[in-house]
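As a plain string of letters, each chain reads:
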Amino acid sequence: MKNILFLLMILIFFSCKKEVDDIVFSVELDTANGLEAGKPVIFNIKGNPNYITFYSGEQGSAYQYKNLTSLSEPDMKAFLRFTGKVENAVANSTLSVLISDSFTGLVANNYKTDSTLIVDHQWHTIIPSTDLPITQNQEKKLDIDITNYLNKPVTLAFRYATIPHATIQQPKWTISDFRIVLKLASGYEKESQDSLRRGFLPFDFNNKAAPYTIGAVAGRWNITANQKSFVMTNTAAGLTQVSNLDYVVSRPMLLNEVSPDAGVAIKSVKDRIDSYSYVFNSPGSYQVAFVAKNATGKAEKEIIKYLKVNVK
(Lines give C-alpha, C1' and ligand atoms only; values in the text may rest on other atoms or scores of the structure.)
Protein backbone atom coordinates (compact mmCIF):
# COMPACT_ATOMS: atom_id res chain seq x y z
CA MET A 1 0.00 0.00 0.00
CA LYS A 2 2.83 2.42 0.85
CA ASN A 3 4.49 1.67 -2.47
CA ILE A 4 1.28 2.46 -4.34
CA LEU A 5 0.87 5.74 -2.49
CA PHE A 6 4.49 6.63 -3.26
CA LEU A 7 3.99 5.97 -6.97
CA LEU A 8 0.82 8.03 -6.98
CA MET A 9 2.69 10.94 -5.39
CA ILE A 10 5.38 10.75 -8.08
CA LEU A 11 2.77 10.74 -10.84
CA ILE A 12 0.98 13.71 -9.32
CA PHE A 13 4.28 15.58 -8.99
CA PHE A 14 5.19 15.15 -12.63
CA SER A 15 1.66 15.82 -13.87
CA CYS A 16 1.67 19.13 -12.00
CA LYS A 17 5.14 20.10 -13.18
CA LYS A 18 4.82 22.99 -15.61
CA GLU A 19 8.44 23.88 -16.10
CA VAL A 20 10.36 22.70 -19.11
CA ASP A 21 14.08 22.21 -19.47
CA ASP A 22 16.22 25.20 -20.37
CA ILE A 23 17.26 25.27 -24.00
CA VAL A 24 20.89 24.66 -24.87
CA PHE A 25 21.26 25.61 -28.50
CA SER A 26 23.65 27.39 -30.85
CA VAL A 27 24.11 27.55 -34.61
CA GLU A 28 27.02 28.69 -36.76
CA LEU A 29 27.39 29.28 -40.48
CA ASP A 30 29.92 27.03 -42.20
CA THR A 31 31.72 29.19 -44.77
CA ALA A 32 34.38 26.64 -45.73
CA ASN A 33 32.85 25.90 -49.14
CA GLY A 34 31.78 29.45 -49.91
CA LEU A 35 28.24 30.78 -50.04
CA GLU A 36 27.00 30.50 -53.60
CA ALA A 37 23.51 30.46 -55.10
CA GLY A 38 22.45 26.99 -56.17
CA LYS A 39 24.87 25.23 -53.79
CA PRO A 40 24.15 23.91 -50.28
CA VAL A 41 24.83 26.30 -47.41
CA ILE A 42 25.71 24.42 -44.21
CA PHE A 43 24.64 25.44 -40.71
CA ASN A 44 26.35 23.66 -37.80
CA ILE A 45 24.09 23.05 -34.81
CA LYS A 46 24.93 22.39 -31.17
CA GLY A 47 22.47 21.43 -28.46
CA ASN A 48 19.39 19.25 -28.50
CA PRO A 49 16.14 21.21 -28.21
CA ASN A 50 12.92 19.31 -28.73
CA TYR A 51 12.02 21.22 -31.88
CA ILE A 52 13.81 23.42 -34.43
CA THR A 53 12.13 25.46 -37.17
CA PHE A 54 14.11 27.11 -39.96
CA TYR A 55 13.23 30.39 -41.69
CA SER A 56 15.38 31.12 -44.75
CA GLY A 57 14.67 34.86 -44.89
CA GLU A 58 13.48 34.51 -48.48
CA GLN A 59 10.10 35.78 -49.61
CA GLY A 60 7.46 33.67 -47.90
CA SER A 61 9.87 32.44 -45.23
CA ALA A 62 10.82 35.47 -43.14
CA TYR A 63 10.51 35.06 -39.37
CA GLN A 64 9.40 38.66 -38.83
CA TYR A 65 6.29 37.98 -40.93
CA LYS A 66 5.30 34.66 -39.35
CA ASN A 67 2.14 36.13 -37.77
CA LEU A 68 1.36 38.61 -40.49
CA THR A 69 -2.18 38.56 -41.93
CA SER A 70 -2.30 42.02 -43.50
CA LEU A 71 0.08 44.70 -44.70
CA SER A 72 -0.39 48.44 -44.61
CA GLU A 73 2.98 50.14 -44.82
CA PRO A 74 3.84 53.61 -46.13
CA ASP A 75 4.82 53.66 -49.82
CA MET A 76 3.69 50.04 -50.31
CA LYS A 77 2.72 49.17 -53.88
CA ALA A 78 0.59 46.40 -55.37
CA PHE A 79 1.14 44.61 -58.68
CA LEU A 80 -0.77 42.08 -60.72
CA ARG A 81 1.72 39.73 -62.36
CA PHE A 82 1.20 36.91 -64.83
CA THR A 83 2.47 35.50 -68.11
CA GLY A 84 0.08 35.72 -71.04
CA LYS A 85 0.30 33.70 -74.22
CA VAL A 86 -1.90 33.65 -77.32
CA GLU A 87 -1.85 30.67 -79.70
CA ASN A 88 -3.48 29.35 -82.87
CA ALA A 89 -4.39 32.83 -84.12
CA VAL A 90 -3.58 36.50 -83.59
CA ALA A 91 -5.06 38.02 -80.44
CA ASN A 92 -7.39 40.46 -82.19
CA SER A 93 -8.35 42.06 -78.84
CA THR A 94 -10.08 38.87 -77.69
CA LEU A 95 -8.82 39.12 -74.09
CA SER A 96 -9.48 41.89 -71.58
CA VAL A 97 -8.09 42.20 -68.04
CA LEU A 98 -10.65 43.83 -65.77
CA ILE A 99 -10.83 45.15 -62.22
CA SER A 100 -13.51 46.61 -59.96
CA ASP A 101 -13.75 47.91 -56.40
CA SER A 102 -17.56 47.80 -56.36
CA PHE A 103 -18.52 44.42 -57.83
CA THR A 104 -20.52 42.49 -55.22
CA GLY A 105 -19.42 39.03 -56.34
CA LEU A 106 -21.06 36.16 -58.20
CA VAL A 107 -23.86 34.28 -56.47
CA ALA A 108 -22.46 31.20 -58.27
CA ASN A 109 -25.74 29.32 -58.56
CA ASN A 110 -27.94 31.40 -60.85
CA TYR A 111 -27.26 32.07 -64.54
CA LYS A 112 -29.71 34.92 -64.91
CA THR A 113 -28.53 36.80 -61.82
CA ASP A 114 -24.82 36.45 -62.52
CA SER A 115 -25.05 37.16 -66.25
CA THR A 116 -26.90 40.37 -65.43
CA LEU A 117 -24.38 41.32 -62.73
CA ILE A 118 -21.45 40.84 -65.10
CA VAL A 119 -22.91 42.60 -68.13
CA ASP A 120 -24.39 45.56 -66.26
CA HIS A 121 -21.32 46.23 -64.14
CA GLN A 122 -18.91 49.03 -65.00
CA TRP A 123 -15.59 47.19 -65.13
CA HIS A 124 -12.30 49.03 -65.48
CA THR A 125 -9.80 47.74 -68.04
CA ILE A 126 -6.42 47.82 -66.31
CA ILE A 127 -4.20 47.16 -69.30
CA PRO A 128 -4.69 48.09 -72.98
CA SER A 129 -5.12 45.14 -75.32
CA THR A 130 -2.09 46.41 -77.23
CA ASP A 131 0.08 45.69 -74.17
CA LEU A 132 -1.01 42.06 -74.11
CA PRO A 133 0.43 39.49 -76.54
CA ILE A 134 -0.80 40.31 -80.03
CA THR A 135 0.79 38.04 -82.64
CA GLN A 136 0.23 34.30 -82.87
CA ASN A 137 2.28 32.28 -80.36
CA GLN A 138 3.50 35.45 -78.65
CA GLU A 139 4.14 35.32 -74.90
CA LYS A 140 4.59 38.25 -72.49
CA LYS A 141 5.25 38.71 -68.81
CA LEU A 142 2.95 41.39 -67.44
CA ASP A 143 3.53 43.57 -64.38
CA ILE A 144 0.50 45.82 -63.79
CA ASP A 145 0.46 48.46 -61.07
CA ILE A 146 -2.80 48.24 -59.06
CA THR A 147 -1.63 50.29 -56.07
CA ASN A 148 -4.69 52.55 -56.33
CA TYR A 149 -6.83 49.58 -55.30
CA LEU A 150 -5.17 48.96 -51.94
CA ASN A 151 -7.57 48.99 -48.97
CA LYS A 152 -10.53 48.35 -51.28
CA PRO A 153 -12.63 45.20 -51.95
CA VAL A 154 -11.16 44.29 -55.35
CA THR A 155 -12.57 41.89 -57.92
CA LEU A 156 -10.42 40.76 -60.85
CA ALA A 157 -11.66 39.24 -64.09
CA PHE A 158 -10.48 38.01 -67.48
CA ARG A 159 -12.95 38.46 -70.36
CA TYR A 160 -12.71 36.36 -73.52
CA ALA A 161 -14.88 37.46 -76.44
CA THR A 162 -14.64 36.08 -79.99
CA ILE A 163 -16.69 35.59 -83.14
CA PRO A 164 -16.37 32.78 -85.70
CA HIS A 165 -14.35 33.20 -88.87
CA ALA A 166 -14.45 31.09 -92.01
CA THR A 167 -10.75 30.19 -91.99
CA ILE A 168 -9.25 31.52 -88.74
CA GLN A 169 -9.51 29.81 -85.37
CA GLN A 170 -10.71 31.62 -82.28
CA PRO A 171 -7.42 31.91 -80.35
CA LYS A 172 -6.26 29.98 -77.34
CA TRP A 173 -5.19 32.05 -74.32
CA THR A 174 -3.01 30.89 -71.42
CA ILE A 175 -2.60 32.94 -68.24
CA SER A 176 0.10 31.37 -66.08
CA ASP A 177 2.04 32.16 -62.89
CA PHE A 178 -0.76 34.47 -61.78
CA ARG A 179 0.16 36.46 -58.67
CA ILE A 180 -0.85 39.56 -56.75
CA VAL A 181 2.29 41.02 -55.18
CA LEU A 182 2.72 43.65 -52.46
CA LYS A 183 6.06 45.43 -52.63
CA LEU A 184 7.35 47.25 -49.55
CA ALA A 185 9.55 50.34 -49.64
CA SER A 186 12.47 48.12 -48.52
CA GLY A 187 12.09 46.08 -51.71
CA TYR A 188 10.68 43.04 -49.89
CA GLU A 189 7.78 41.45 -51.76
CA LYS A 190 4.91 39.51 -50.26
CA GLU A 191 2.16 37.75 -52.17
CA SER A 192 -1.30 39.14 -51.49
CA GLN A 193 -4.08 36.65 -50.87
CA ASP A 194 -3.40 32.95 -50.63
CA SER A 195 -4.19 31.74 -54.15
CA LEU A 196 -6.97 29.42 -52.96
CA ARG A 197 -8.76 32.32 -51.24
CA ARG A 198 -9.14 34.29 -54.48
CA GLY A 199 -12.14 32.19 -55.42
CA PHE A 200 -11.96 32.49 -59.21
CA LEU A 201 -14.93 31.02 -61.07
CA PRO A 202 -15.58 30.76 -64.82
CA PHE A 203 -18.79 32.07 -66.30
CA ASP A 204 -19.79 30.84 -69.76
CA PHE A 205 -22.56 32.89 -71.37
CA ASN A 206 -23.16 30.11 -73.91
CA ASN A 207 -23.74 27.44 -71.28
CA LYS A 208 -26.95 28.42 -69.49
CA ALA A 209 -27.36 24.98 -67.94
CA ALA A 210 -23.88 24.91 -66.34
CA PRO A 211 -22.19 28.31 -66.74
CA TYR A 212 -19.64 27.70 -63.95
CA THR A 213 -18.18 24.54 -65.51
CA ILE A 214 -14.39 24.27 -65.65
CA GLY A 215 -12.93 22.20 -68.46
CA ALA A 216 -10.25 21.81 -71.12
CA VAL A 217 -12.69 22.01 -74.02
CA ALA A 218 -13.15 24.59 -76.77
CA GLY A 219 -14.60 27.89 -75.65
CA ARG A 220 -14.35 27.24 -71.92
CA TRP A 221 -12.00 28.43 -69.18
CA ASN A 222 -9.95 25.75 -67.45
CA ILE A 223 -8.65 26.80 -64.02
CA THR A 224 -5.92 24.89 -62.20
CA ALA A 225 -6.56 23.78 -58.61
CA ASN A 226 -4.08 26.33 -57.22
CA GLN A 227 -5.80 29.12 -59.18
CA LYS A 228 -2.53 30.30 -60.71
CA SER A 229 -3.25 29.27 -64.29
CA PHE A 230 -6.24 29.95 -66.54
CA VAL A 231 -6.50 28.45 -70.03
CA MET A 232 -9.09 29.23 -72.68
CA THR A 233 -8.98 26.46 -75.26
CA ASN A 234 -9.29 27.61 -78.88
CA THR A 235 -12.38 27.08 -81.01
CA ALA A 236 -11.91 25.77 -84.56
CA ALA A 237 -12.32 27.87 -87.67
CA GLY A 238 -15.65 27.92 -89.48
CA LEU A 239 -18.70 30.14 -89.65
CA THR A 240 -20.82 27.41 -88.09
CA GLN A 241 -18.86 27.71 -84.83
CA VAL A 242 -20.45 29.69 -82.01
CA SER A 243 -19.24 33.03 -80.72
CA ASN A 244 -17.67 32.90 -77.29
CA LEU A 245 -18.21 35.19 -74.33
CA ASP A 246 -16.53 33.83 -71.22
CA TYR A 247 -15.34 35.37 -67.98
CA VAL A 248 -13.25 34.13 -65.11
CA VAL A 249 -14.08 36.21 -62.03
CA SER A 250 -12.56 36.34 -58.55
CA ARG A 251 -14.46 36.97 -55.34
CA PRO A 252 -14.10 40.47 -53.87
CA MET A 253 -10.87 40.60 -51.84
CA LEU A 254 -8.70 43.02 -49.91
CA LEU A 255 -5.30 43.22 -51.54
CA ASN A 256 -3.70 44.01 -48.16
CA GLU A 257 -4.55 40.55 -46.84
CA VAL A 258 -1.63 38.11 -46.83
CA SER A 259 -0.78 34.65 -45.59
CA PRO A 260 1.78 34.42 -42.77
CA ASP A 261 5.31 33.44 -43.77
CA ALA A 262 6.14 29.84 -42.93
CA GLY A 263 9.21 28.09 -41.63
CA VAL A 264 10.35 24.50 -42.14
CA ALA A 265 10.38 22.06 -39.24
CA ILE A 266 13.85 20.49 -39.34
CA LYS A 267 13.82 18.69 -35.97
CA SER A 268 11.25 17.06 -33.69
CA VAL A 269 11.60 15.40 -30.26
CA LYS A 270 12.74 12.07 -31.69
CA ASP A 271 15.43 13.57 -33.95
CA ARG A 272 18.98 14.58 -33.25
CA ILE A 273 20.85 16.74 -35.75
CA ASP A 274 24.22 18.47 -35.76
CA SER A 275 23.89 20.31 -39.09
CA TYR A 276 21.38 21.53 -41.62
CA SER A 277 21.91 22.39 -45.28
CA TYR A 278 19.84 24.71 -47.43
CA VAL A 279 20.11 25.90 -51.04
CA PHE A 280 19.46 29.56 -51.84
CA ASN A 281 18.59 29.77 -55.51
CA SER A 282 19.30 33.48 -55.89
CA PRO A 283 22.16 35.72 -54.75
CA GLY A 284 21.32 38.16 -51.98
CA SER A 285 21.52 38.96 -48.30
CA TYR A 286 19.23 36.84 -46.13
CA GLN A 287 18.39 37.01 -42.43
CA VAL A 288 18.06 33.38 -41.46
CA ALA A 289 16.27 32.42 -38.24
CA PHE A 290 16.44 29.17 -36.29
CA VAL A 291 13.65 28.84 -33.70
CA ALA A 292 14.45 26.28 -30.98
CA LYS A 293 11.75 25.13 -28.60
CA ASN A 294 11.30 22.82 -25.63
CA ALA A 295 7.71 22.05 -24.74
CA THR A 296 5.42 19.91 -22.65
CA GLY A 297 1.67 19.79 -22.74
CA LYS A 298 1.48 22.71 -20.30
CA ALA A 299 4.50 24.93 -20.91
CA GLU A 300 7.20 25.78 -23.40
CA LYS A 301 10.42 27.73 -23.80
CA GLU A 302 11.78 29.20 -26.99
CA ILE A 303 14.90 30.92 -28.21
CA ILE A 304 15.72 32.35 -31.64
CA LYS A 305 19.10 32.47 -33.33
CA TYR A 306 19.58 34.88 -36.24
CA LEU A 307 22.34 34.72 -38.84
CA LYS A 308 23.07 36.99 -41.78
CA VAL A 309 23.86 34.98 -44.91
CA ASN A 310 25.34 36.78 -47.92
CA VAL A 311 24.94 34.56 -50.95
CA LYS A 312 26.95 35.29 -54.09
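Above this text is the structure in question.
Residues numbered from 1 in each chain as written. Predicted model: local features only at pLDDT ≥ 70, side-chain atom pairs only at ≥ 80, totals over all residues. Heavy atoms only, no water.

*Asks:* Report on the overall build of the chain, specifying residues and quantitative values.
*Replies:* A count of helical and extended segments in the chain gives two helices and 19 strands. Counting only residues that meet the buried cut, the chain has 42% of its 312 residues in that class. Partitioning the contacts of the chain with sequence separation of at least 6, the portion at a separation of at least 24 is 76%. One way to put it: in the chain the 33 positive side-chain charges average out to a point 4 Å from where the 29 negative ones average out. (Helix = DSSP H or I, 4+ residues; strand = E, 2+ residues; numbered from the N terminus. Buried < 20%, exposed > 50% of the residue type's maximum accessible area, 1.4 Å probe, protein only. Contact = heavy atoms within 4.5 Å. Lys, Arg positive; Asp, Glu negative; His and termini not counted. Charge placed at Lys NZ, Arg CZ, Asp CG, Glu CD.)

*Asks:* Account for the nonpolar core, with residues named and values stated.
*Replies:* Of all hydrophobic cores here, the largest spans 41 residues; its most connected members are Leu80, Phe82, Ile146, Leu156, Phe158, Phe178 and Phe230. Only strand 4 (77–87), strand 5 (95–100), strand 7 (139–145), strand 8 (153–162), strand 9 (172–183), strand 12 (221–223) and strand 13 (230–232) provide two or more residues apiece to this core. Among the elements that make up this core, the one with the highest residue count is strand 9 (five residues). Here Ile146 is in contact with Ala78, Phe79, Leu80, Ile99, Ile126, Ile180 and Leu255, once residues within four sequence places are set aside. (Core = buried A, V, L, I, M, F, W, Y, C linked by side-chain atoms within 4.5 Å.)

*Asks:* So what's going on with the sheet that holds strand 2 (residues 40–47)? Residues and values would help.
*Replies:* Ordered by their spatial adjacency, three strands build an open sheet running 1-2-17, and the pairing between neighbours is antiparallel. Edge positions in the open sheet fall to strand 1 (25–30) and strand 17 (275–279), since each of these has one partner strand only. The sheet shows a mean angle of 25° between the axes of neighbouring strands, direction not considered. Of the pairings in the sheet, the one linking strand 2 to strand 17 comprises five bridges and is antiparallel in character. Residue pairing in the sheet places Pro40 in a bridge with Val279 of strand 17. (Pairing = 2+ DSSP bridges. Axes fitted to C-alpha atoms, helices over the stretch in contact; angles between N-to-C directions.)

*Asks:* If you had to explain helix 2 (residues 111–120) to someone new, which residues and values would you point to?
*Replies:* Three or more residues of helix 2 are buried, namely Tyr111, Asp114, Ser115 and Ile118. What you see down the axis of helix 2 is that its buried residues fit within an arc of 100°, all on one side. Away from its buried face, by an angle of more than 90 degrees, helix 2 presents the exposed residues Lys112 and Asp120. Looking at the buried residues of helix 2, the elements they touch are strand 11 (201–204) and strand 14 (244–249). Of the residues flanking the start of helix 2, the one acting as N-cap is Asn110, its side-chain oxygen 3.1 Å from the backbone nitrogen of Lys112. (Arc of directions from axis to C-beta. Polar contact = N/O pair within 3.5 Å; in protein donor to acceptor, adjacent residues only side chain to side chain.)

*Asks:* I'd like a rundown of the sheet that holds strand 18 (residues 284–295), residues and numbers included.
*Replies:* Judged by pairing direction, the sheet is antiparallel, and its four strands sit side by side in the order 16-3-18-19 without closing on themselves. Edge positions in the open sheet fall to strand 16 (264–267) and strand 19 (300–311), since each of these has one partner strand only. Between one strand and the next, the sheet's axes are offset by a mean angle of 25°, whatever the strand orientation. Pairing geometry for strand 18 and strand 19, over twelve bridges, is antiparallel. Within strand 19, the position partnered with Ala289 by the bridge is Tyr306.

*Asks:* Lay out the side chain of Ser229 in plain terms, naming residues and giving numbers.
*Replies:* Along the chain, Ser229 turns up in the loop between strand 12 and strand 13. A distance of 3.4 Å separates a polar side-chain atom of Ser229 from the backbone oxygen of Ile175. Once you skip the residues sitting within four places of it in the chain, Ser229 turns out to touch Ile175, Ser176, Asn222, Ile223 and Thr224.

*Asks:* Tell me about the environment of Phe79, and name the residues and values.
*Replies:* Relative to the helices and strands, Phe79 resides in strand 4. Taking the C-alpha atoms as reference points, Phe79 and Arg179, separated by 100 residues in sequence, lie 8.2 Å from one another. Discounting residues that sit within four places of it in the chain, Phe79 has contacts with Asp143, Ile144, Asp145, Ile146, Arg179, Ile180, Val181 and Lys183.

*Asks:* How would you summarise the pairing of strand 3 (residues 51–55) if you had to cite specific residues and measurements?
*Replies:* Two strands pair when backbone bridges link them, and strand 3 and strand 18 are joined in this way by five bridges, in the antiparallel orientation. Counterpart to Thr53 in the pairing with strand 18 is Val291. As judged from the three bridges shared by strand 3 and strand 16, these two strands associate in the antiparallel manner. Residue pairing for strand 16: Thr53 is matched across the bridge by Ala265.

*Asks:* Outline unusual backbone geometry, supporting the account with residue identities and numerical values.
*Replies:* Glycine aside, residues mostly have negative phi, and peptide bonds are mostly found in the trans state. Not every positive phi belongs to a glycine, and Asn92 is a case in point at roughly 55°. By secondary structure assignment, the location of Asn92 is in the loop between strand 4 and strand 5. A positive phi angle, near 50°, is found at Asp177, a position not held by glycine. As for its position among the elements, Asp177 is in strand 9.

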